[in-house]
Amino acid sequence: QDAETIMAPAILVTGGAGYVGSHTVMSLLERSESVEFEIVVVDNLTNAYRSDDQKKPEPLRIIEEMTGKKIHFYELDIRDREGLNKIFAAHSIECVIHFAALKAVGESVEKPLEYYQANISGTCTLFEAMRKHGVYKLVYSSSCTVYGEPEKLPLDESHPTGQGLASPYGRSKFFCEEIMKDLCRSDPKWMVISLRYFNPVGAHHSGRIGEDPTGIPNNLMPFISQVAVGRLKELLVFGNDYPTIDGTGVRDYIHVEDLAEGHVKAIKLFKQPGFSGFHAVNLGTGTGYSVLQMVAAFERASGRRVPLRVTGRRAGDVAANYADVSLALRLLGWRATRTLADMCRHTWAWQSAHPQGFRDC
Ligand code: NAD
Ligand code: WQD
């Protein structure tokens, strides 16, 4: 790496080899206005795949191939203080998009310390490195989970957070938001945009990168697509006695490419004169779909049957959840444009071409 390349302004993307991170890297590199930035990815590969004969994780290798642009990759844990300091010293980092975290809700109940270590200690170590190197611009991956049980729908950003959260994972996202608010109170140099994602689904429209969960998927969409492709036998529907359109849980599913573009818009806000402090923004479509509606849409898009069986409710699940997305439009000039059919079509393009995920690349 020659010095000239390295010292170009850079965006540090933690967890950039993961699902949302890789699509955001793609989105940044696809856009002509982002060419001024180098992309630096830090990921410890706990939930991302690299083949034995490659230096880079598969999704990043594919993105480089598709865009013809280079990604600087470091296999590093965000809790590695010295490693982070070296990266901040080697690159001219302007802002950080912080995806790196453990995200399995059920696992977090079994392993709270691991989750608080990675998601909270890791995040604090990252913030210390940022402050040490004078980097105060941050986009954070938050979640609708911080709202807990909705008091009213749609959920807007003024809804209380942190009450009755069902898991250490959810609390880790809430605590990180509180830490970022304190940082912003302590020093006006901080500019923090906490993007509260609703339910990210889908894949890049090319079908070349997508979601590749390790083991049995926890989330609905990868479960449906693995049933459709024949990897799993049937979908278990967690309850059909909720007060919703058909009794099954309703969620605000958002296409991962729309979500990725939300991050590109967020970064642009940093250039706005006078912008500072902590801002939480919902990223969703504003529309909720039930589990059965998702299955029907996926069957239409894939032409495959998705056998299902109704079972009991899953602990911690809420009946319905969808976003008020008006702040995202006002503040970021962003709104989701892709439809449920797009979400299903692109998931199927990815899953059918890669039944075993990135191992099939
Ligand atoms: P993911 O697991 O695909 O990506 C996270 C990446 O971070 C992985 O590549 C993993 O290897 C890496 N990582 C984990 N711990 C790390 C550590 N200590 N140091 C360095 N790298 C580490 O998950 P995702 O779905 O892309 O989620 C990205 C972010 O968005 C997470 O912060 C998650 O909490 C948040 N989020 C996700 C969803 C969702 O449903 N996917 C919803 C709301 C919020
Ligand atoms: C969606 C619906 C299930 C699987 C999770 C996290 C949340 C956020 C997004 C990170 C629900 C039903 C699911 C299955 C089913 N992540 N379902 N059978 O629980 O809304 O949100 O991901 O921040 O924090 O909790 O998403 O995809 O797991 O479930 O019936 O095998 O599908 O009950 O109604 P959820 P999900």
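It should be emphasised that the depicted structure is a prediction, and the values quoted were computed from it without experimental measurement.

(A) Helix α2 (residues 19-30), seen in detail. In this model, α2 (twelve residues) spans 17 Å end to end at C-alpha, consistent with the 16 Å of a helix rising 1.5 Å per residue. With eleven of its twelve residues buried, α2 lies for the most part within the structure. Buried within α2 are the following residues: Tyr19, Val20, Gly21, Ser22, His23, Thr24, Val25, Met26, Ser27, Leu28 and Leu29.

(B) A look at the pattern of salt bridges. According to the stated counting rule, one finds 26 salt bridges in the structure shown. The shortest N-O distance in the salt bridge between Arg208 and Glu65 comes to 2.9 Å. Of this pair, Arg208 sits in the loop between β7 (199-201) and α8 (220-228) while Glu65 sits in helix α3 (residues 58-67), and the two are 143 residues apart along the sequence. Among the residues examined, Arg208 registers a relative accessible area of 31% and is labelled partly exposed. Its relative accessible area of 47% is what places Glu65 among the partly exposed residues. The salt bridge partner of Glu107 is Lys111, with a shortest N-O separation of 3.8 Å. What makes Glu107 partly exposed here is its relative accessible area of 36%. Linked by salt bridges that have partners in common, Arg31, Glu257, Asp258, Glu261 and Arg338 make up one network.

(C) Spotlight on unusual backbone geometry. The omega torsion of the bond from Leu153 to Pro154 falls at -5 degrees, within 30 degrees of zero and hence cis. Turning to its location among the elements, Pro154 is positioned in the loop between β5 (137-143) and α7 (168-186). Despite not being glycine, Leu45 has its phi angle at roughly 60 degrees, a positive value. For Leu45, the location among the structural elements is in the loop between β2 (38-43) and α3.

(D) Spotlight on the site of ligand 1. Taken together, 27 residues are adjacent to ligand 1, and Val20, Asp43, Asn47, Phe99 and Tyr169 come closest. Within the backbone of Ile78, an N or O atom sits 3.0 Å from a nitrogen atom of ligand 1. In this structure, an oxygen atom belonging to ligand 1 sits 2.8 Å away from a side-chain N or O atom of Lys173. The protein chains hide 95% of the 820 Å² of surface that ligand 1 would expose on its own. Elements that contribute at least two residues to the shell around ligand 1 include exactly α2, β5 and α7. The element that contributes the greatest number of residues to the shell around ligand 1 is β5, accounting for three residues.

(E) Local environment of the site of ligand 2. Neighbouring residues of ligand 2: 19 residues in total, closest Ser143, Tyr169, Leu236, Arg251 and Asp317. Contact between ligand 2 and Asn199: an oxygen atom at 3.0 Å from a side-chain N or O atom of the residue. In the environment of ligand 2, a nitrogen atom lies 2.7 Å from a nitrogen or oxygen atom belonging to the backbone of Leu236. The protein chains hide 89% of the 680 Å² of surface that ligand 2 would expose on its own. When residues of the shell around ligand 2 are traced back to their parent elements, those giving at least two are α8 and β8 (235-238). Counting residues per element, the shell around ligand 2 draws most heavily on β8, at four residues.

Calculation rules
- Residues numbered from 1 in each chain as written.
- Chains lettered and ligands numbered in written order.
- Predicted model: local features only at pLDDT ≥ 70, side-chain atom pairs only at ≥ 80, totals over all residues.
- Heavy atoms only, no water.
- Helix = DSSP H or I, 4+ residues; strand = E, 2+ residues; numbered from the N terminus.
- Expected span 1.5 Å × (residues − 1).
- Buried < 20%, exposed > 50% of the residue type's maximum accessible area, 1.4 Å probe, protein only.
- Salt bridge = Lys/Arg side-chain N within 4 Å of Asp/Glu carboxyl O.
- Near = heavy atom within 4 Å.
- Polar contact = N/O pair within 3.5 Å; in protein donor to acceptor, adjacent residues only side chain to side chain.
- Areas by Shrake-Rupley, 256 points an atom, 1.4 Å probe, with all protein chains shown as cover.

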